[in-house]
Amino acid sequence: MKKLLLSAFFGVLFQVPSPSVMANNAIDVGVKVNPEHQISAKQALQAKLATIDGFSADFIQRVIDSEGQVIANGEGQLTVEKPNKVNWHTTSPDETLIIANGETLWFYDPFIEQVSVYDFDQALANTPILLLSSNNETLWDGYRVIQVESSFVIESLDEQSHVKSLQLKFDNERLDQLLIFDATGQVSEITLAMRGSSASKATIYDFSIPEGTHIDDQRQ
């Protein structure tokens, strides 16, 4: 269960009916999506995200398999601040931390006393959820965007990408829910309860590795 919940930050996919799945299926079976519609949807999403400098939220998370069955649940807190700062703290069922300060991303599992370390740019290129914290418009070149009612589906153009798409659901201008899809047949459904704009101490975006922790350094 722990690994399923941790993998959600980097993308999990499911095949149950939803607007995003219908949009994905339309593309998969060869239905052409108007390029002009993609551009306008991308611009509309970028405009929405441009108004969000940061936020802090409690979240409830469900991991759903390819048959539509809930296989894991979790909860925690998410804080995002532009540019490129993220603090993702899962508190249940097990504690984990994902922290990014714009240069480095740490993925810490205290249960097994291990931290994985990534270059932020490396993580960003493979993790579309980090677009929420980025002001770099060129990063969008690797994705196409489809608008489905009040939702936006961000799809990777890289056929080999583990993360296939990210769906952002809005309630008016407020980000309400994230659905993170990947190629394994699972999805992570993350429902947010906003606590306000991000006004946290800068120290929450840096990680001091506890003594005795095994370090898995993935930086290139």
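Coordinates for the structure precede this section.
Quick caveat: nothing in here was measured; it's all calculated off a predicted structure.

Rules and cut-offs
In this numbering scheme, every chain counts its residues from 1 along its sequence in written order. Reporting of local features is limited, given that this is a predicted model, to residues whose pLDDT is at least 70; pairs of side-chain atoms are given and counted only at 80 or more, and all residues count toward the totals for whole chains, interfaces and linings. Heavy atoms from the whole structure form the basis of all side-chain values; hydrogens and water molecules are not counted. Working definition: helices are DSSP H or I runs of at least four residues, strands are E runs of at least two. Numbering for both runs from the N terminus. Type-normalised accessible area, obtained with a 1.4 Å probe on protein chains alone, sets the label of each residue: buried when under 20%, exposed when over 50%, and partly exposed for intermediate values. Where accessible areas are quoted, they stem from the Shrake-Rupley method and a 1.4 Å probe; at the residue level, only the protein chains shown are allowed to cover. Any Lys or Arg side-chain nitrogen found within 4 Å of a carboxyl oxygen on Asp or Glu counts as a salt bridge. Strand pairing follows a simple DSSP-based rule, namely that at least 2 bridges must link the two strands. For helices, the axis comes from a line fit to the C-alpha atoms of the stretch in contact; other axes are also lines fit to C-alpha atoms, and the angle between any two N-to-C directions lies between 0 and 180 degrees.

Asker: Talk me through the overall build of the chain; I want residue IDs and the actual numbers.
Answerer: For the chain, the count of helices and strands is four helices and 12 strands. Within the chain, buried positions represent 48% of all 220 residues. Accessible surface, the chain: about 11000 Å² in total, of which carbon and sulfur atoms supply 48%.

Asker: If you had to explain the pattern of salt bridges to someone new, which residues and values would you point to?
Answerer: Under the counting rule described, the total for this entry stands at seven salt bridges. The partner of K48 in a salt bridge is E173, and the shortest N-O contact between them spans 3.3 Å. Separated by 125 residues along the polypeptide, K48 in helix α3 (residues 35–50) and E173 in the loop between β9 (163–171) and β10 (174–182) bring together distant segments of the chain. Since its relative accessible area comes to 16%, K48 is described here as buried. Exposure remark for E173: the relative accessible area of 52% places this residue in the exposed category. Residues participating in the shared-partner salt-bridge network are D171, R174 and D176.

Asker: Can you tell me about the sheet that holds strand β3 (residues 85–92), naming the residues and giving the values?
Answerer: An order of β7-β8-β9-β10-β11-β1-β2-β3-β4-β5-β6-β12 is seen for the 12 strands of this open sheet, with the pairing classed as mixed. Strand pairing shows two members of the sheet lacking a second neighbour, β7 (143–148) and β12 (214–217), which therefore form its edges. Neighbour to neighbour, the strand axes of the sheet diverge by 20° on average, direction disregarded. With four bridges joining them, strand β6 (residues 114–119) and β12 adopt parallel strand pairing. Counted as the bridge partner of S116 is D216 from β12.

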